[in-house]
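Breakdown of the fold
For reference, the chains in residue letters:
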Amino acid sequence: YSEFLREPINDTTGVTIGQIDSINKALRPVLESLTHENFFKIYRLNLFKECPFWDGEGFCMHRSCAVDTIDDWEDLPLIWQPEALGKLESTAHERDHIPNVDLDDETCIDAISTNDNYCEIDEDDCVYVNLVDNPERFTGYGGEQSLQIWKAIYNENCFQFGHSQCVEKQFFYKVISGMHSSISTHLTNEFLDLDTKEYGPNLKQFMVKVGDFPDRLQNMYFNYILIAKALLKLDQFHVLDDFTLCQDPELAQKESALKDDIRSLVAPFHDQFGSDSYARLFDERQLFQDDTISLKDEFKERFRNVSRIMDCVHCDRCRLWGKVQTTGYGTAMKILFELDGADNSSFTLQKTELIALINTFDRLSKSISAVGRFQDLYSTEIVRE
Ligand code: FAD
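Residues numbered from 1 in each chain as written. Predicted model: local features only at pLDDT ≥ 70, side-chain atom pairs only at ≥ 80, totals over all residues.

The protein appears in an unreviewed UniProt entry as Endoplasmic reticulum oxidoreductin-1 from Kuraishia capsulata CBS 1993. As stated in UniProt under Cofactor (unreviewed entry), the record for the protein gives "FAD". Per UniProt, the protein has the following entry under Sequence similarities (unreviewed entry): "Belongs to the EROs family." (UniProt positions renumbered as here; feature names shortened; annotations may be inferred.)

Next up, the structure:
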């Protein structure tokens with residue numbers, strides 16, 4: 001493990017796993033507190049959107065797969081009230097039957113629409129969900145159903161355009177694999193013990209899903225530096241300065257404090273790497289160098305399809321967190337590849353995107369802490385044997 005800590009996360013910048021571990025120790029309490037704030041813990045999404053790709057038979061019926069939505073707008077914290085007023089929709093929903101799509105290993109899903117985002121943002125029929133009350137953990141979702149979803153997600157990495165797709169394909173794969181590792185780490189860190197009926201870490205499950213695969217672990221750290229770089233860029237180009245978190249003027253002081261908290265997330269990176277931190281974390285200029293327009297458009301479309309596939313996830317709780325995280329990664333990519341420091345005027349960021357970005361960073365941060373704890377459990381097991 002000590003060798004693993006010295007491993008560089010990507011070849012170009014040389015940031016190591018150990019350096020990120022120590023940064024994460026400083027960031028963990030800040031993220032923990034930020035994601036418990038009313039602004040960040042309420043997520044607005046369409047949880048019951050039609051799966052656009054295939055028939056969603058066989059829903060997970062476990063209680064642990066369910067999500068408690070906020071059905072009365074008076075239950076929403078003040079910071080959300082003007083936003084929520086008049087916008088709560090019924091959560092009742094009927095799924096229409098749509099034809100099956102053959103998903104063999106060679107088949108790409110066709111792109112279905114175009115816009116500038118890297119993920120699909122829900123606009124209609126949204127519900128409000130308290131993320132703290134609906135934690136990401138073991139739900140029992142698995143078997144053929146979840147395998148079909150993961151296969152469809154990985155199959156999106158089949159680009160048609162461009163001559164130098166290698167870097168972009170590799171990047172796309174790392175992001176998906178890192179997200180998959182983080183989801184697996186969460187569900188094994190809060191695994192249901194059938195005897196005690198309590199949730200807790202399950203070392204064996206962690207090892208078979210993530211721990212025995214250094215590349216899967218490394219991809220999770222890769223995603224961490226990706227999101228960190230997006231936050232550094234937001235800070236560098238002062239994007240948050242004109243951003244409205246809430247409309248209520250009485251909450252102006254709160255808004256300013258929240259923005260300071262978001263800005264403070266970059267401090268441990270500056271402490272570790274000094275003035276070099278912007279260049280050290282991740283160099284987005286290495287992507288989309290050739291054939292830029294068509295390859296980038298296709299990349300966006302493929303990642304948007306990944307976010308649409310989330311509507312096909314059969315388990316509500318898994319779908320919720322899948323949607324949060326694909327939106328978080330889509331937002332990070334939008335910041336990295338579309339925010340031009342020289343001219344910010346056309347760059348827009350929605351509340352949902354900022355909330356997803358911070359919560360996705362928190363997911364990765366919690367996963368990385370859990371890896372440390374699993375390492376301790378592993379050492380104890382070895383000593384015992
Ligand atoms: P899976 O995790 O299903 O993996 C399938 C195959 O993918 C593996 O056999 C392996 O070949 C490959 N693979 C696995 N990990 C990686 C990686 N990191 N990088 C590259 N390849 C990999 N379950 C819960 O209990 N709680 C949740 O919150 C939850 N959220 C989910 C969200 C989504 C979007 C999806 C699709 C599934 C979710 N699941 C959740 C289900 C969970 O991810 C697993 O599918 C399930 O636990 C079965 O795991 P498995 O060991 O069979 O392999």
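Concerning the UniProt feature "binding site: FAD" (unreviewed entry) in the protein
UniProt tags R137, T139, W150, S177, H180 and K209 as "binding site: FAD" (unreviewed entry). Along the chain, the position of T139 falls in the loop between strand 3 (127-130) and helix 5 (143-155). Residue position: H180 is located in helix 6 (residues 165-189). (Helix = DSSP H or I, 4+ residues; strand = E, 2+ residues; numbered from the N terminus.)

Points about the site of the ligand
Taken together, 23 residues sit near the ligand, with G142, S146, S177, C318 and G322 positioned nearest. Listed by contribution, the elements that provide at least two residues to the shell around the ligand are helix 5, helix 6 and helix 13 (316-338). With six residues, the single largest contributor to the shell around the ligand is helix 6. The class makeup of the residues in the shell around the ligand is eleven nonpolar, eight polar and four charged. (Near = placed C-beta within 6 Å. Nonpolar A, V, L, I, M, F, W, Y, C, P; charged D, E, K, R; others polar.)

Thoughts on the packing of helix 13 against helix 14 (residues 351-384)
With their axes 7 Å apart at the nearest point, helix 13 and helix 14 run at an angle of 105 degrees to one another. Between helix 13 and helix 14, the crossing angle belongs to the class labelled roughly perpendicular. Contacts from V324, Q325, T327, G328, Y329, T331 and A332 in helix 13 reach T352, E353, A356, L357, N359, T360 and R363 in helix 14. Its residues assigned to classes, the contact of helix 13 with helix 14 comprises five nonpolar, seven polar and two charged. (Axes fitted to C-alpha atoms, helices over the stretch in contact; angles between N-to-C directions. Parallel < 35°, antiparallel > 145°, perpendicular 65-115°, else oblique. Contact = placed C-beta atoms within 7 Å.)

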